[in-house]
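Observations on chain architecture
If you want the building blocks of each chain, they are given just below.
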Amino acid sequence: MSFDKIIYHLTGPWAICTYTLLLILWVTDGYADTYMEWKNKVKPNNEPVHHLRMGHKFDSGIYLEGGKRTDGYSAELGYKYKFKGITIKGKLESNKVDNWKHTLETKVRYTFD
């Protein structure tokens, strides 16, 4: 392994996500809201894309995830709030294979009592 690859692995996007998640683990009170998630996406006539992410959900309803995906990296920042029958969820998801691509998603749900 060349010196450039070693530096990339220590300072690249995957390393930055890992350092950030380790900092979150260190700063938070415990591991109860920290998790690891595996996700699989398949579009018709395409190869499946696998995601393996570490994440943390804060008491405020905000969560942060980051990790490796097939041929790249992925990260997600989202929230979920509930008010008297209304649930509001949103997320910003970013994926990098060659270039970063971002998706913003918002959902509002009303539950009839």
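The preceding data block contains the structure.
1. Observations concerning the overall build of the protein
Along its length, the protein carries 2 helices and 6 strands. What you see in the protein, going N to C, is helices and strands ordered as α-α-β-β-β-β-β-β. For the protein, the proportion of its 113 residues judged to be buried stands at 26%. When contacts within the protein are restricted to residue pairs at least 6 apart in sequence, long-range pairs at least 24 apart make up 25% of them. Carbon and sulfur atoms provide 61% of the accessible area of the protein, an area that totals close to 8700 Å².

2. A word on the packing of aromatic side chains
Within this structure, the stated rule accounts for 2 aromatic pairs. Judged by centre distance (5.0 Å) and plane angle (85°), the rings of Tyr-110 and Phe-112 are edge-to-face. Exposure remark for Phe-112: the relative accessible area of 71% places this residue in the exposed category.

3. Focus on the sheet that holds strand β4 (residues 72-83)
Strand order in this open sheet of 6 strands is β1-β2-β3-β4-β5-β6, and the pairing throughout is antiparallel. Where the open sheet ends on each side, the last strands, each with one partner, are β1 (34-41) and β6 (100-110). Strand-to-strand twist of the sheet, defined as the mean angle between neighbouring strand axes without regard to direction, takes the value 20°. Here strand β5 (residues 86-96) pairs with β6 via 11 bridges, running antiparallel. Bridge pairing in β6 places Ile-86 opposite Tyr-110.

4. Looking at the pattern of salt bridges
Tallying each qualifying case throughout the model produces 8 salt bridges. In this structure, Glu-93 and Lys-91 form a salt bridge, with 3.7 Å as the shortest nitrogen-oxygen distance. What makes Glu-93 buried here is its relative accessible area of 6%. In this structure, Lys-107 engages Glu-105 in a salt bridge whose closest nitrogen and oxygen atoms are separated by 3.7 Å. On the basis of relative accessible area, Lys-107 is assigned to the partly exposed category, the value being 43%. Through salt bridges with shared partners, a single ionic network connects Lys-39, Lys-41, Arg-53, Glu-65, Glu-76, Lys-91 and Glu-93.

Cut-offs used in this document
- Residues numbered from 1 in each chain as written.
- Predicted model: local features only at pLDDT ≥ 70, side-chain atom pairs only at ≥ 80, totals over all residues.
- Heavy atoms only, no water.
- Helix = DSSP H or I, 4+ residues; strand = E, 2+ residues; numbered from the N terminus.
- Buried < 20%, exposed > 50% of the residue type's maximum accessible area, 1.4 Å probe, protein only.
- Contact = heavy atoms within 4.5 Å.
- Areas by Shrake-Rupley, 256 points an atom, 1.4 Å probe, with all protein chains shown as cover.
- Phe/Tyr/Trp six-rings, centres within 6.5 Å; stacked < 30°, edge-to-face > 60°.
- Pairing = 2+ DSSP bridges.
- Axes fitted to C-alpha atoms, helices over the stretch in contact; angles between N-to-C directions.
- Salt bridge = Lys/Arg side-chain N within 4 Å of Asp/Glu carboxyl O.

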